[in-house]
Every structure is written in C-alpha cells, then in structure tokens.
Amino acid sequence: MAQFRLIVTIIGLICVFFPFTTNATEHPVYQRPKEEQEQSNSQVYIVHCEFPDGDRGTRYQDLESWYLSFLPAATSDSAREAPRLIYSYRNVLTGFAAKLSPDDLKQMEKMEGFISARPERVLDLYTTHSTSFLGLHQNMGFWNDSNYGKGVIIGVIDSGIFPDHPSFSDDGMPPPPAKWKGKCEFNVTKCNNKLIGARYFLSSGNGTPWDENGHGTHTASTAAGRFVPGANIFGNANGTAVGVAPLAHIAVYKVCAAVTCSESDTLAAMDMAISDGVDVLSLSLGKLTNNFYEDNIALGAFSAMEKGIFVSCAAGNSGPSSSSTSNEAPWILTVGASTIDRKIKATAVLGNNQELDGESAYQPSDFPPTLLPLAYPGNNASNLNAKYCTPASLNNTNVVGKIVLCEVGITTRVDKGKAVKAAGGAAMILMNTKAIANTTLAEAHVLPVTHVSYADGLKIKEYINSTLTPTATIAFKGTRIGDDRAPVVAGFSSRGPNFASPGILKPDIIGPGVNIIAAWHISLENKTNTNSRFNMISGTSMSCPHLSGVAALLKSAHPDWSPAAIKSAIMTTADVLNLRSNLIEDETYLPADVFATGAGHVNPSKANDPGLVYDIKPSDYLPYLCGLNYTDRQVGIILQRKANCSEITSILEGELNYPSFSIKVTGNSTAQVYSRTVTNVGQAYSTYRVEIGSPPGLDVKVEPTTLVFSEVKQKLSYQVTLTPLATIPNSTFSQGSLRWISEKHIVRSPIAVRFLSS
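As the structure is a prediction and not an experimental result, all values here were calculated from the model.

With that out of the way, let us pick up the nonpolar core. A general trend in soluble globular proteins is that nonpolar side chains are found buried together. Counting 96 residues, the largest nonpolar core has Leu281, Phe292, Trp331 and Ile570 as its most contacted members. If one sorts the elements of this core by residue count, helix H8 (residues 296-306) sits on top with seven residues. The residues contacting Trp331, other than those within four sequence positions of it, are Phe292, Ala298, Ala301, Phe302, Met305, Lys567, Tyr621, Tyr624, Leu625 and Ile638. Counting 23 residues, the second largest nonpolar core, distinct from the first, contains Leu698, Val720, Leu738 and Trp740.

As structure tokens, this is what we get:
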C-alpha cells in the first residue's frame, strides 16, 4: 500500500454554472422529478387555464388550491401513477405543470376553466445548473445573505487562467480589500477588480500566468466566475454560467504545465498566496502520501490555516479503491465528487430494439436514425488492446461506416473516438469498466458517441454475440434535468479510510464534480469571434472549487468564523439523502458508505446557519500530531517551530475536536471514550438533545444527553463512549451517526467504524 501511495499522482479539474429559474412558486428546478416518458404512461404537461369568472385577482391568493382542483383524484389502480402538481405559475401564465396520464388528461379536459395542455418539451436554453442544484438562486436566500462572496479573495493554485473570458469581467466589482498585496504578472494589463492577481512559477510552462490547458480557467470560474449568459457546449446545457461566489475576487497562481504540477512550485504558490492576503485557497491537485510531514500541500495548508485561511482540496480521482484519498490532513477540507441531476442524454438503439441511455456532450443534429453495422474490436482475441480501441489495435479491424463498441481503459475516452474516426468508424459506444459502473461522462467527442454503463455495455456485447449482423444507432436527446437519483458518488471519486491518519474520517464532504460546465481557454467549436468559451469536464477537481466557493460565501457571511468553524458548518449540515429521499448511492446504485461520502453532500444554505460548530484552534493540533507518534523534528516540520512532545499531553486522533468520528475495533478492543466541544453560533437560548444512530457492532452513549445554551459563542462539552458489542458484524466496517437536535437545527456527525483482526 505504501508503494502504491508513493507512485500515484492525482490532478483534477472543476467548474460551476447557474440554473435558469422561473417566477414559479412551487418546487425549484433542482427538485424537478426525473422524466419518465419512456418508462411510464405519465408525463409532465403544461396546462393552460382561465378563471371561470374572469377575475384572477379574487383567486390569486389561493391559486395553488385552484390548480390542484384540476387534478383527478388518485385511483385504486396501483399500476397507475397518481397525478402530481409540479409547478404553480403566477406570472408567466395562468396555469400549471403537472405529471399526468392520458386518462388524467381526458378527465381534466372536461373541467370548467381548462383551455389546453401539451407535453413539456426539452428546451435548448435553460441552465448550466450546478449552483441551482446546490440551492443557490439569484437575488434570494444564501446568495443574498452572503452578498455573493463580496470582499473575499479566493486563491486558485492551478494551471493559470484565460483572463479575457467574460467569467472574469469586473463590471460592478468593487476594488480588492486594502490588505491585498498580490501582483499581476501578465505581460499586458489583464487583471482587474475581479481577477486581482495572477502569478506564475518556474516549471509552469510559457513564462506567463496564461492557461495552456484550460484546467485553471475551469476551476477559477467554478469557484467565483461572474454571470455569463449563453454558456453551452455544442448547444447543450445552455444557460447562464456562474461560479459559486460570483462577487468574490480571484487570484491565480500557475504551477501546472500540461498534466503535471511542480511540487516546489505549488508550495511556493501557497507561500506567496498567504503573503498576498487570500482568504480561501483552492487546490485541485495532490499526491498520495503516508505522513503529513512529507506532504507539502499539508504543510502549506497548515501555515495558511494558522493565519485564518480556509484550504479546500480535491480528494483525488483514484476511486473506488479504498484508502485512495489525497490531501487527508484534518486542517484541509477534502472534497469528493458526485453527480448533479442533469444528463446530456444519448441513447444507444440496438437492432433488437433495446434502448440503453448514455451521455455525450457532442450531440450532432444530423446523425441518421438508420441502423448501422455494430462492431466490437474486442472480439479479436489476438490483440488484448483491441477492446480499448487503441489506434494500433484498429489497424486489422474493419470499422469503416460502423458503430464501434470500445471499453474504457489504456487511452483517454476522447482519444478512443479519435482512433475510431481515423479508422473510418461512423460512431462509438463507450462502455464503462466494472469498477466505475454507472458513472457516465458527457464529453466533447470528435464523432457521435454515447458513454454507457458497465451493465448496459454487457447487454450490448450479449446482443453482438447473438447475431451475425448486429446493428445499432444513437439517438441524441439533448439536455435533461430531473435525475432524482442525484447526487450519486462518482466512481472515480477517491475513498477513505484515511491512510495518513485513520482516526480522521476522509473525505470530509462531496459536491458536484461530474459533467460540470465552466469557462475554457479555447473554443471547442473553433469559434474565433468570442471569448465566451466553455467545456464540460469531470473530476474531484470540479467538486473542490464548488466547496471553495461555498467557503467564500460563509467567510463573507461570517467573517469571524475560523477555518475549522467553516468546515464544521459545511460538514454537520450536509445532506445524506438524494432527491428521491433515499440514502445517497455510489456508482453501483447501492447506498454509499461513509468512506465515499464523508459527512454527505454539501448544502450551502444550511451551512450558513449550522446552530453549533466544532471549532479547532491551531494550537490544538500539537497534541494531535504528537499522538500520531511523530518525532519532535517531524512535528516541528509541520509547525515551523521546535516541538517537544514530552512536554505536552498527546491525544488520540479521535480526541481532536473534529465534526466526525472514525474508530477502529479489534478482537480485544475495550470501550473508547472521546470528548467534543461545540460552540453555539445559533440562537442564544437554545436546547439540543442528542439522537444516536449506533453503528452495528457498537454501543454508543453520550453524556450529557442535553446541551442547554444561554448565549451566543458559549461552549459546552460532551463525552462519547463507544463500546464494542460481544457480537460484531460480519463485515470490515459499519457506520452510524450522532445528531444534536434543537427546534431549529440538526447538527450531525457521522461515525465510521473499521473492524480489524488485530
């Protein structure tokens, strides 16, 4: 394992977008149900009505009740879905949206006031969506409360930036805070009140902060890009692009060239960013390490944390392997990746009439519905790489004019398409590995493609082997909103347990990181008349900037909160249920474990009002580091000062005042006792009672069971006793939770338990 962690380097990308909303009073866009026209007789209709008396004013206050009166009563037919009101429109039209069956519609047509109804259509222009999925909406809620991150400086350590992109316009932006000491190192004047700093470092490429691969542009705009209308990729996901903290300032530090980043440059950039005066550091890069004193990102992050700077890092893209997270230090927010409820749908239609949904960002409008010959190079047993559609492997396979089934692996997904196109193929079906399962990506391919799940790939193989003349086509169905399975943990998202410090649960949180559209440095469509360029990519690099933006919003709303308090607020308010109100799932569509989700999926609005926080002072890390059995010198490397562990009382990892619990149980384990201290940041007079969800195999007791606060910032402590039961589960881990509940707040901490043989 140690060797594995030493040789794997993880680099990621990220972005964010703003969803289109209407002036409807019911159900924001991110709660829309998944479209099921193809699986059910019911579908969503837009219904137009008129008031029988012609007087809208007398009914306006009770409009929803009137709309509900149009819906037929539920029937006893269990196979028939009950009609459901989706939206009540108040300004855009007199009418509503509802999910109806054909029989429902027939009954409705007879009602007084009914005018017409039509099935909803897939529109090209609506949202870029990940900010909407996070519950952030313009001119309301948390965005308003946090003033969109105004006055906060986000330092993005990455591959540079394309400064001319409209995402970095400073129209209406105030000047940077007086504390700002950064520089703009472009050869020409490119910085402004939005992009307030841009630096480059020795190994980063072309001698300027200019982005050469798009990664830094994407992550910076995801964290804090301005509102840019008309964002899309090949006409898909069309809407208004925006970062999570659109009024925050951006400072860019270029440390990456091509696909690698210099470790020394990265540490220098963190050092410079601290001096420059950033408030948040966002790093979508990392390396697996065994010890914090050997991890330069952890070292730089510790110094930043001591000066009140929040550090957000990507967990890595080595999932679903266990213990594959990077950036595991407890003073870093470690971010995993999950899906949003948008899909760019492309359906593989087989000659036996099977239809298998996949995704692709490239959606040609002129691809014929005619069935074409379907080929699988992997049937060539003499070439083991043929199934991966490497260029050389296609030399001896006739794919001209055919749709080609290729498997993920060896080469990049886009490069497979290039190889198929060069060999004369008409289109490609890209099949996942078993490990990545159902995580499909919508990418900018060079020919018609659909990326399907592993299970659907097996169905395609089975069909190919069942006939001498397999055929297929691809039906491109555009952008669809409403996947109520979301968020789903991405198969590539790195997993715990924490290798460097097993007593600290990692990752901390998950956020949007699959098929994220954001600013790009070049035009994928070779447009030369605009700087408004976008790309859709995936990775924990995408989820990290989302959380960096959330931290900026919280910093703006609560300038007195420490980095640990901000992290606590994010973790203890995280969602553990998906849009179906079921437990969040992983790439296999089974409930995800805590080593995949951490505390859960970020909920920015709830994080703004967490009730209680678990705060950690910089000095609290000294006994923790000594408890890791580091030498005085090793601890001193992290602290940047001499340390003498013999003079202090070291603590076990689980005793750090962290917002989660991660313990191990062996055959001879006895009760483990840990204390926590919470700080009241909610109502002055408030009472919290504990609710325990004990992990299987463990008895959990908390004393006291009630916390009574009488003032803001008051601190109270409690003690947790975790006792192994006589009979433990027949598994390697279990999980549970501890929740403090008041009239207004739920403060949740996950509990992870690993069962070890010794």
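Let us keep going from here.
We now examine the state of the cysteines. Across all of its chains, the model carries four disulfides by this definition. Residue pairing for Cys184: its cysteine sulfur links by disulfide to Cys191, the two sulfurs lying 2.1 Å apart. Taking the torsion about the sulfur-sulfur bond, which here is approximately 85 degrees, the covalent link between Cys184 and Cys191 counts as right-handed. For the chain, the bonded cysteines connect in the pattern 1-2, 3-4, 5-6, 7-8 when numbered consecutively along the sequence. Cys544 takes part in no disulfide bond, and the closest cysteine sulfur, belonging to Cys313, lies 6.0 Å away.

Before going further, it helps to examine the pattern of salt bridges. In the structure shown here, the tally under the stated rule is 25 salt bridges. Across the pair Asp415 and Lys418 runs a salt bridge, and its minimum N-O distance is 3.8 Å. You can see Asp415 and its partner Lys418 sitting in helix H9 (residues 413-422), three residues apart, about one turn around the helix. Accessibility expressed as a relative area gives 35% for Asp415, which makes it partly exposed. The exposure class assigned to Lys418 is partly exposed, which follows from its relative accessible area of 44%.

A few words on unusual backbone geometry. The linkage connecting Gly319 with the following residue, Pro320, adopts the cis geometry, with an omega of 0 degrees. Cis geometry is adopted by the peptide bond preceding Pro704, which originates at Glu703 and carries an omega value of -5 degrees. With respect to the secondary-structure elements, Pro704 resides in the loop between strand E31 (698-703) and strand E32 (706-709). A positive phi angle is found at Tyr589, which is not glycine, with a value near 65 degrees. Locating Tyr589 in the fold gives a position in the loop between helix H12 (563-572) and helix H13 (594-597).

Turning our eyes to something else, we now look at the environment of Ile115. Positionally, Ile115 belongs in strand E5 (residues 114-119). C-alpha of Ile115 to C-alpha of Cys49: the two residues are 66 residues apart in sequence and 5.1 Å apart in space.

Strand E28 (residues 661-665) sits mainly inside the fold: four of its five residues count as buried. Taken together, the five bridges between E28 and strand E35 (residues 746-755) define a ladder with parallel strand orientation. Note on E35: the bridge partner recorded for Phe661 is Ile751.

As a further point, take the confidence of the model for the chain. On average, the chain scores 87 in pLDDT, and the residues at 70 or more come to 89%. Low pLDDT, under 50, characterises residues 1-40; the predicted model gives this stretch 172 contacts beyond four residues in sequence or across chains. Here residues 121-128 scores under 50 on pLDDT; set against residues more than four positions off or in separate chains, the count is 33 contacts.

Each aromatic ring pair is characterised by the separation of its centres together with the angle its planes make. Tallied over the entire structure, the rule returns 18 aromatic pairs. Ring centres of Tyr621 and Tyr624 lie 6.5 Å apart, and the angle between their planes is 75 degrees; on these two criteria the pair is classed as edge-to-face. You can see Tyr621 and its partner Tyr624 sitting in helix H15 (residues 621-627), three residues apart, about one turn around the helix. Like Tyr621, the residue Tyr624 is buried in the burial classification. Look at Tyr688 and Phe709: their rings are 5.9 Å apart centre to centre, the planes differ by 90 degrees, and that puts the pair in the edge-to-face class. Residue Tyr688 is found in strand E30 (residues 686-693), and its partner Phe709 is found in strand E32; the two are separated by 21 residues along the sequence. Each residue in the set Phe292, Phe302, Trp331, Tyr621 and Tyr624 is aromatic and connected to the rest through ring pairs, giving one cluster. The side chain of Arg485 reaches across the aromatic face of Tyr589, ending 3.8 Å from its centre.

Within the structure shown, the criterion is met by two cavities of 30 Å³ or more. For the largest cavity, the calculated volume is near 130 Å³. Split by residue class, the lining of the largest cavity holds four nonpolar, five polar and five charged.

Conventions and cut-offs
Residues numbered from 1 in each chain as written. Predicted model: local features only at pLDDT ≥ 70, side-chain atom pairs only at ≥ 80, totals over all residues. Heavy atoms only, no water. Core = buried A, V, L, I, M, F, W, Y, C linked by side-chain atoms within 4.5 Å. Buried < 20%, exposed > 50% of the residue type's maximum accessible area, 1.4 Å probe, protein only. Helix = DSSP H or I, 4+ residues; strand = E, 2+ residues; numbered from the N terminus. Contact = heavy atoms within 4.5 Å. Disulfide = S-S within 2.5 Å. Salt bridge = Lys/Arg side-chain N within 4 Å of Asp/Glu carboxyl O. Pairing = 2+ DSSP bridges. pLDDT = per-residue confidence, 0-100. Phe/Tyr/Trp six-rings, centres within 6.5 Å; stacked < 30°, edge-to-face > 60°. Lys NZ or Arg CZ within 6 Å of the ring centre and 35° of its normal. 1 Å grid on protein atoms, 1.4 Å probe; cavity = no way out; pocket = protein on both sides within 12 Å on 5 of 7 lines; lining within 4 Å. Points joined across faces, edges and corners; volume = space filled by probe spheres on them. Nonpolar A, V, L, I, M, F, W, Y, C, P; charged D, E, K, R; others polar.

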